[in-house]
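# Coordinates in review
Spelled out from the first residue to the last, the chains are:
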Amino acid sequence: MTPATAERSVADVLTAARERIADLEQWVQGCAGRLADGEPLDEGWEPGAVRWCMAGAVEAEVGHSIRFWPLEEADDLGRLLTEGTGQADEAIGPWNDNHGHDEVLAAFDRAIELAEAAA
């Protein structure tokens, strides 16, 4: 499995992203993130974001859009999050938008367990 960044493993990135949205007030649906004034953001890594969806929280941890991740790295993170949701046929964004906060955290927990087992 490819490291998520030069210093951090995929499991580390997923754990930090989960911590980012562990508080219900820091989690969003319908966009990648939100500013403190509630303005929606297309990318979770954008400066000023204070709330995130699943993918947006991961983007905030790696500091850039998921569209710019190295392919293998994106595949690892995306695959693990998708496996965590248990819905291989549904993208992470729509899954986040159609499930509750507890389910999102549980999906992160499963993804983290899978990443740790694969390391």
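Scope of this entry: the structure provided in the associated data block. (Residues numbered from 1 in each chain as written. Predicted model: local features only at pLDDT ≥ 70, side-chain atom pairs only at ≥ 80, totals over all residues. Heavy atoms only, no water.)

### Things to note about the state of the cysteines
Going through the model one piece at a time under the given rule, you end up with 0 disulfides. Free of any disulfide, C31 has its nearest cysteine sulfur in C53, 7.1 Å distant. Assessed through its relative accessible area of 7%, C53 is described here as buried. (Disulfide = S-S within 2.5 Å. Buried < 20%, exposed > 50% of the residue type's maximum accessible area, 1.4 Å probe, protein only.)

### Thoughts on the sheet that holds strand β3 (residues 49–52)
Spatially, 3 strands are ordered β2-β1-β3 in an open sheet, and the strand pairing comes out antiparallel. Sheet topology places β2 (40–41) and β3 at the edges, where each strand pairs with a single neighbour. Taken together, the 3 bridges between strand β1 (residues 33–35) and β3 define a ladder with antiparallel strand orientation. Bridge pairing links L35 to A49 in β3. (Pairing = 2+ DSSP bridges. Helix = DSSP H or I, 4+ residues; strand = E, 2+ residues; numbered from the N terminus.)

### Looking at helix α5 (residues 101–118)
Its 18 residues give α5 an end-to-end C-alpha distance of 26 Å, which sits within 8% of 26 Å, the value for a rise of 1.5 Å per residue. Along α5, the residues that are buried comprise H101, V104, L105, A107, F108, A111, I112 and A115. With its buried residues spanning 155° around the axis, α5 presents them on a single face. Of the residues in α5, the exposed ones pointing more than 90 degrees away from the buried face are D102, E113 and A117. (Expected span 1.5 Å × (residues − 1). Arc of directions from axis to C-beta.)

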